[in-house]
Amino acid sequence: MTATSAAAAAARATVYGYPRQGHHRELKKAVEGYWKGRVGAGALRETAAMLRAANWRQLADAGIDEVPTGDFSFYDHVLDTSVMVGAVPDRHRAAVEADALDGYFAMARGTQEAAPLEMTKWFDTNYHYLVPELGPDTVFAANSAKQVAELSEAVALGHTARPVLVGPVTYLLLAKPAPGVAPDFEPLTLLDRLLPVYAEVLADLRAAGAAWVQLDEPVLVQDRTAAELNAAARAYRELGALTDRPRLLVASYFDRLGESLSVLAKAPVDGLALDFTGPAAPNLDDLAAVGGLPGKRLVAGVVDGRNVWINDLAASLSRLGTLLGFADRVDVSASCSLLHVPLDTAAERDIDPQIARWLAFARQKATEVATLARGIAQGTGTIAAQLAANRADLASRSTSTLTRDPAVRARAEAVTDADTRRPEPYAERAPAQRARLRLPALPTTTIGSFPQTSELRTARADLRAGRIDTAGYEQRIAAEIQDVISFQEKTGIDVLVHGEPERNDMVQYFAEQLTGYLATRHGWVQSYGTRYVRPPILAGDISRPEPMTVRWTTYAQSLTDRPVKGMLTGPVTMLAWSFVRDDQPLADTARHVALALRDEVSDLEAAGTAVIQVDEPALRETLPLRTADRPSYLAWATEAFRLTTGGVRADTQIHTHMCYAEFGDILPAIDDLDADVISLEAARSHMQVATELADAHYPREVGPGVYDIHSPRVPGPAETATLLRTALAAIPADRLWANPDCGLKTRAWPEVRASLDHLVAAAQEVRSTL
Ligand SMILES: Nc1nc2c(c(=O)[nH]1)N[C@@H](CNc1ccc(C(=O)N[C@@H](CCC(=O)N[C@@H](CCC(=O)N[C@@H](CCC(=O)O)C(=O)O)C(=O)O)C(=O)O)cc1)CN2
Ligand code: MET
Ligand SMILES: [Zn+2]
C-alpha cells in the first residue's frame, strides 16, 4: 500500500467540541436555576451529564468516530483550565475550598466581596472567556478531576473519545498579570512551572483510557515573537518526551499557522489538527512547503466550523486528496470547535425549506465531516447521493434572487468619498454640539439597554404565540419606556436612553427588519456563561424597507426635555454577530448594511434626535488575527462606520460604544471613525484604556466605563468615584463622560438603581472638585 492509500483507508471523522447548551438550552436553565437556589447541585450535575451523553450520542449517530470530551463547561472552558492547573486567584481561594462549584461560579461572576476574573473575546469570535490571572508567585497544581470524569463517562457509554484541553502556551499567552502584579509581568515565564502540571494531567488521562489527547494552541495562528515560538517548541519538546502520556494532537484554528507550522511540524508530538478554511487556507501550501507531516497524524479541518453554510463537498474532497499525501494518517474534521454554531437546522421550521438546504449547523456539520471521511476511506462512489444533493443545493444558493438586488448594488457602487466624511472636522462640531446640548462637565449617560426583565421577554413570547396582540405588546413596551425615562430623570442622568425594551437583541432586532437577513428561532450560540445569542443569517443583499427605531426613540423623547440618544448597531457589529454570506467580500456586505443604517441615522436626525449612538462593540474582535491582514480590514470597517454616520449635521452628536476587548492596538482606527464621543469598557481592567487613550493623544470625548455590568456586584459610591478620578487623571474634564461599561440588559433593577445612583453621585462629587 502507498502512503496515500493507507492514509485514505484509515480516515476517520472527528470534531473538537460541540454546543453545550442542549436543544432547549437546558444548561442555561439549570445553571441559572442553581444560582437562584431553585436547582440543587445534584440536579445540575445530572442535567450536565445528560447533555454530554446526548451530544456524544448525536455525534456518534452522525458518523463521528472519535468524540471530544472535556469541551463541556458550566461556564467557560478557559476557566475550567485555570481550575485544572490550580490557578485560582487568592481572593477566591477560600470560596473554592469551601465549595468547588460555588467557588467556580464566584470566579466567573464575582461576589459582593470578590471581583470576578476579567472576561474577553475568544480570538475573533463572539465567545468570551475568563482571563487567567497569574503572577510570579503563582503555584500551579494539577486537578484533572473534570477531564478524567468526562472521559470516563464517554468511555463508559461506549465511545472512542479524545479529551480536548487548552494547550499550555495558549493558556499562558491568554493570561494577564494578576491584580497587584507588575503590569509588565509575562505569564509565559511560568511555562517551566506549568508543564509538569500538564504532564500530570496527561498521565491521569492516559490512566483513564485516553489513547489521544488534543491540546489546542490557537495562539499560534497569531503573530508570535521568536521567544514565544521558542517557548512553544520547548513546551512540545518536553511534553513529547514524557514517557507516561497519551498520543498528543496539537490543534490550531481560526487562521494560518505561518511560522508556527514548522515549529509544530518538528515537535515530537503525534499529530496536528489544522484549519484549511477561510483565512487559514494557506496552511495547505505551507504544509507542502515544510515537507508534510511524515510519521504523524493530520486532522484536516475542511468544514467551516464557525459559519452556517453547507460545505462544498466536492471541493473538500479534492483538498483532502492533496492532504492525503502529506501525512501517515489523515482524518477529517470541522475547522474549529462547533461551539460557535447553533445545534440543529431541523429545529428551524420558519426558514423556507429551499433556503434551509443551504444551511448546516453543528449536527449537520458533523454529518458533513463523516460523509467526507467515508468518501476518502471508502471511495467517493459510496457518497454519490450526498455529492449530488450537495451540488444541487449549492447551485440553488448561487442562482437565488435573494442574493442579488440590483437597486442595492447600484447604490453601493455610487458611494463617493464625500459620503463617508462629515464635512466639518471634530474641532468645529464640538462647540456646535455643546451649544445645542448644554451638558454639565462629566455628563452622565448609559449605554442603551435597561434590564430585559422576564416580563418583557414573556411579553415577546406571548406576542409570538398569539396570547397577546401587537397593540397589547406595544402598550407594554411604551409603559417600560415611560418607567425608564422617569427613572433616569429622577436619578439625574444627563443624556437619556429609551432602554431598548423592544429589542430581543441588538443585532437580531435590526436583522429582523432588514431585507436580505434570515432569523432563527432556536439557533442559540453561547456568548458567555449562561448568555446566548441567536446570530441572524445575512444571506442576501441588504436593504431597509422602512424606519426601524424612529418610532420608539421619538416616543421616548416626547416624555422628557433632556436629550434622548438614538441607538443603532453599527455595520461591522451587524456583520460580526451574524452568520455572513461567504460569496462576496465582507467589505461589500458591510457597505450594504452601512447604507441601510445611514438612512436610519438620517431619519432619526430629521425627527429631532440630537445624539445618535452607533454601537461597534465588535470592531476590535473582528480584527484579523494576523497583523498583515489588519490595514485592509480597518480601512473598510471604519469606512462603513463613516458611511453610516457621515450624513449628519455638525450639531448632531455621534456616539459610538465598544466593549469586551483590548483597544490599545486599534486606537488610530477608533480615531478614524470620526465619532464625537466614544464609551468604552474599562471597569474590570481598572481604567487601563483611559491611559492608553491619553498616551495616544486621543482628541475626542470619551466615557470609559465606571461600572462593570457583567457582575451582579454593585460598586459603592467611593469605588465609582475612584474610577472616575483615575479616568480624569488621563482625560481632561471637558472631554470626559461618566457611564457604565456597557448596556444594563443583563442586570436586575435593584442593582441598576443602586449602581446608577452611585454613578451620578460620583460624577457630582468629582464635578465639585473641578
Ligand atoms: N448578538 C449579540 N452579541 C453580543 C452581545 C449582544 O448583546 N448581542 N453582547 C455581548 C455578549 N453579551 C450578551 C449579553 C446578554 C445576552 C443575553 O441576554 N442573551 C439572552 C437572550 C437574548 C434574547 O435573544 N432574548 C429574546 C428571546 C428570549 C428567550 O429566551 N425566549 C425564549 C422564550 C421566552 C421566554 O419565555 O423566556 C425562547 O425563545 O426560547 C427576547 O428577549 O425576546 C439569554 O441568553 O437569555 C447575550 C449576550 C457580546 N456579543
Ligand atoms: C454589547 S454592546 C451593547 C450596546 C447596547 N446599546 C446596549 O446597551 O445593550
Ligand atoms: Zn457593550
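Calculation notes
- Residues numbered from 1 in each chain as written.
- Chains lettered and ligands numbered in written order.
- Predicted model: local features only at pLDDT ≥ 70, side-chain atom pairs only at ≥ 80, totals over all residues.
- Heavy atoms only, no water.
- Pairing = 2+ DSSP bridges.
- Helix = DSSP H or I, 4+ residues; strand = E, 2+ residues; numbered from the N terminus.
- Axes fitted to C-alpha atoms, helices over the stretch in contact; angles between N-to-C directions.
- Near = heavy atom within 4 Å.
- Polar contact = N/O pair within 3.5 Å; in protein donor to acceptor, adjacent residues only side chain to side chain.
- Areas by Shrake-Rupley, 256 points an atom, 1.4 Å probe, with all protein chains shown as cover.
- Nonpolar A, V, L, I, M, F, W, Y, C, P; charged D, E, K, R; others polar.
- UniProt positions renumbered as here; feature names shortened; annotations may be inferred.
- Buried < 20%, exposed > 50% of the residue type's maximum accessible area, 1.4 Å probe, protein only.
- Donors = N, O, S within 2.8 Å, 3.2 Å for Na, K, Ca; no water.
- Tetrahedral: all angles 85-135°; square planar, octahedral: opposite > 155°, others 65-115°.
- Salt bridge = Lys/Arg side-chain N within 4 Å of Asp/Glu carboxyl O.
- Lys, Arg positive; Asp, Glu negative; His and termini not counted.
- Contact = heavy atoms within 4.5 Å.
- 1 Å grid on protein atoms, 1.4 Å probe; cavity = no way out; pocket = protein on both sides within 12 Å on 5 of 7 lines; lining within 4 Å.
- Points joined across faces, edges and corners; volume = space filled by probe spheres on them.

This paragraph deals with the sheet that holds strand β1 (residues 67-69). Spatially, the seven strands line up as an open sheet ordered β1-β5-β7-β8-β9-β10-β11, and their pairing is parallel. The sheet is open, and its two edges are formed by β1 and β11 (327-334), each paired on a single side. When strand polarity is set aside, the average angle formed by the axes of neighbouring strands in this sheet is 30°. Here β1 runs beside strand β5 (residues 161-166); their pairing, made up of three bridges, is parallel. Among the inter-strand pairings, Val67 is bridged to a residue of β5, identified as Ala161.

The subject of this paragraph is the site of ligand 1. Around ligand 1 lies a shell of 24 residues, among which Arg25, Asn126, Arg460, Asp505 and Lys745 are the nearest. Between ligand 1 and Arg25, the relevant distance is 2.6 Å, taken from an oxygen atom to a side-chain nitrogen or oxygen of the residue. Coverage of ligand 1 by the protein amounts to 86% of the 970 Å² it exposes when considered alone. Counting residues per element, the ones that place at least two in the shell around ligand 1 are α19 (454-465), β13 (525-528) and β14 (531-533). For the shell around ligand 1, a count of residues per class yields eight nonpolar, six polar and ten charged.

In this section: the UniProt feature "binding site: Zn(2+)" (unreviewed entry) in the protein. As annotated by UniProt and renumbered to match this structure, "binding site: Zn(2+)" (unreviewed entry) occupies His657, Cys659, Glu681 and Cys742. Across 86 residues of sequence, these annotated residues stay compact in space, with a maximum C-alpha separation of 8.4 Å. Mapped onto the elements, Cys659 comes out in the loop between β19 (653-658) and α26 (667-672). According to the relative accessible area criterion, Cys659 is buried, its value standing at 2%.

Further remarks concern the site of ligand 2. Contacts to ligand 2 come from 15 residues, most closely from Ile447, Ser449, Glu500, Asp615 and Gly743. A distance of 3.0 Å separates a nitrogen atom of ligand 2 from a polar backbone atom of Ile447. Ser449 places a polar side-chain atom, nitrogen or oxygen, 2.7 Å from an oxygen atom of ligand 2. In the shell around ligand 2, the residues fall into eight nonpolar, four polar and three charged.

The next point concerns the coordination of the zinc ion (ligand 3). Taken together, the protein ligands of the zinc ion (ligand 3) are His657 (NE2), Cys659 (SG) and Cys742 (SG), with distances of 2.1 to 2.3 Å. One way to put it: the four donor atoms around the zinc ion (ligand 3) meet at angles of 103 to 123°, and that makes the site tetrahedral. Counting residues between consecutive donors of the zinc ion (ligand 3) along the chain gives the motif H-x1-C-x82-C. Placement of the pair is His657 in strand β19 and Cys742 in the loop between α28 (717-730) and α29 (749-768), with a sequence separation of 85 residues. Like Cys742, His657 is buried.

Applying the stated rule across the entire model yields 54 salt bridges. One salt bridge in this structure joins Arg93 and Asp90, with 3.9 Å as the shortest N-O distance. Linking Arg93 with Asp90, this pair stays in helix α5 (residues 90-98), spanning three residues, or about one helical turn. Its relative accessible area of 68% is what places Asp90 among the exposed residues. Measuring nitrogen to oxygen at the nearest pair gives 2.8 Å for the salt bridge that ties Asp671 to Arg700.

What follows covers the side chain of Asp71. Relative to the helices and strands, Asp71 resides in the loop between β1 and α4 (77-84). Of the side chains with opposite charge, Arg20 comes closest to the buried, unpaired Asp71, at an N-O distance of 5.8 Å.

Take the UniProt feature "domain: Cobalamin-independent methionine synthase MetE N-terminal" (unreviewed entry) in the protein next. The UniProt entry lists residues 14-323 under the feature "domain: Cobalamin-independent methionine synthase MetE N-terminal" (unreviewed entry), expressed in the numbering used here. For residues 14-323, the helix share is 44%, the strand share is 15%, and the end-to-end C-alpha distance is 16 Å.

A few words on helix α22 (residues 550-558). A turn of α-helix holds 3.6 residues, and therefore any two residues three or four places apart point the same way. Of all the residues in α22, the buried ones are Val550, Trp552, Thr553 and Ala556. In this fold, the buried residues of α22 make contact with α20 (470-491), α21 (508-511), β16 (565-569) and α24 (586-606).

The five strands are arranged β16-β18-β19-β20-β21 in an open sheet whose pairing can be described as parallel. A strand with exactly one partner marks an edge of an open sheet, and here the two such strands are β16 and β21 (701-704). For this sheet the average axis-to-axis angle between neighbouring strands, irrespective of direction, equals 20°.

Turning to the pairing of β11, a few remarks are in order. Across the eight residues that make up β11, a large majority, seven, are buried. By the bridge criterion, seven bridges tie strand β10 (residues 293-303) to β11 in an arrangement that is parallel. Across the sheet, residue Val303 finds its bridge partner in β11, namely Ala334.

A few words now on empty space enclosed by the protein. A full pass over the atoms with the stated rule returns four cavities of 30 Å³ or more. Every residue lining the second largest cavity is listed: Tyr18, Arg20, Arg52, Asn55, Trp56, Pro68, Asp71 and Phe72. Per-element tally for the lining of the second largest cavity: the top contributor is helix α3 (residues 41-62), with three residues. The residue inventory of the lining of the second largest cavity, partitioned by class, reads four nonpolar, one polar and three charged.

Along the chain, Leu313 turns up in helix α13 (residues 313-323). The residues contacting Leu313, other than those within four sequence positions of it, are Glu368, Thr371, Leu372, Gln386, Leu387 and Asn390.

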